[in-house]
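Tertiary structure, described
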Amino acid sequence: MWMALLSLLAQDPPVTFGITVVIPNGLEGHIYNLRHGTSKLPHFKTMKPVGTIYTTTLNIPPQDFKQGFPGVTTRFEWFAIDYRGRFWAEKEGVWNFFLLSDDGSKLYIDGAEVIDNDGPHEPKLADGWIRLARGAHDIRVSYYQGPRYQVALVLKVIPPGEPIQLFNTDKLKPPPEP
């Protein structure tokens, strides 16, 4: 019995697009319902969100997604999420980003499009780079899910002189003030 309990506790928590509890310094994602047949990211400024979620990472590896968003919407297809936040670049230089999604996604840093992985497709990896100065930067990841059954949304980064890692706002905060 103890072995089974330890095994259960050792399992990774279920992956989610986010939670409804505000996460300071995290990404804020506005959820939108889409029309059946949508084939690219919508113009979010003309739409009204149906909910808001928060996360520090985008780490949804390719998987089935049938549960929808409990408490926000029951949709498990034909939805979009527009994530926005800020992060701290400790090192100046070229930052490489990798965005895996099913279906379309785009990455913007300080308003500049870094990755365009839009359109309906199976899990697909796209990459891009941008030169960043040391300091705070805006990030936006726009995502949409078209037809069921698979979903994926993973954002990774290679900061200058470091290995590839999951983009995590908890690890990309400014240094403490003296």
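Here, every reference points to the structure presented above.
Residues numbered from 1 in each chain as written. Predicted model: local features only at pLDDT ≥ 70, side-chain atom pairs only at ≥ 80, totals over all residues. Heavy atoms only, no water.

1. Description of the pattern of salt bridges
This is how it is decided: Definition used for salt bridges: Asp or Glu carboxyl oxygen within 4 Å of a side-chain nitrogen of Lys or Arg. A 1.4 Å probe rolled over the protein chains alone gives each residue an accessible area, and that area as a share of the maximum for its type sets the label: buried under 20%, exposed over 50%, partly exposed in between. Labels follow the DSSP assignment, with helices taken as runs of H or I lasting at least four residues and strands as runs of E lasting at least two, numbered in each case from the N terminus.
Under the defined criterion, the tally for this structure stands at six salt bridges. Asp-82 is the partner of Arg-84 in a salt bridge, and the nearest nitrogen-oxygen pair spans 3.4 Å. Using a relative accessible area of 3% as the deciding quantity, one classes Asp-82 as buried. Note that Glu-90 and Arg-134 form a salt bridge whose closest N and O atoms lie 3.0 Å from each other. In this pair, Glu-90 is assigned in the loop between strand S4 (79–89) and strand S5 (93–102) and Arg-134 in the loop between strand S8 (124–132) and strand S9 (135–145), connecting sequence segments 44 residues apart. The class of Arg-134 is partly exposed, set by a relative accessible area of 47%. Connected via shared salt-bridge partners are Asp-82, Arg-84 and Arg-140.

2. Some points on unusual backbone geometry
In this structure, the amide linkage connecting Asp-102 to the following residue, Asp-103, adopts the cis form with an omega of 15°. The phi angle at Asn-25 is positive, at roughly 65°, despite the residue not being glycine. One can find Asn-25 in the loop between helix H1 (2–10) and strand S1 (27–33). Even without being a glycine, Trp-78 presents a positive backbone phi close to 60°. By the secondary structure assignment, Trp-78 is in the loop between strand S3 (59–64) and S4. Taking relative accessible area as the criterion, Trp-78 reaches 9% and is therefore assigned buried.

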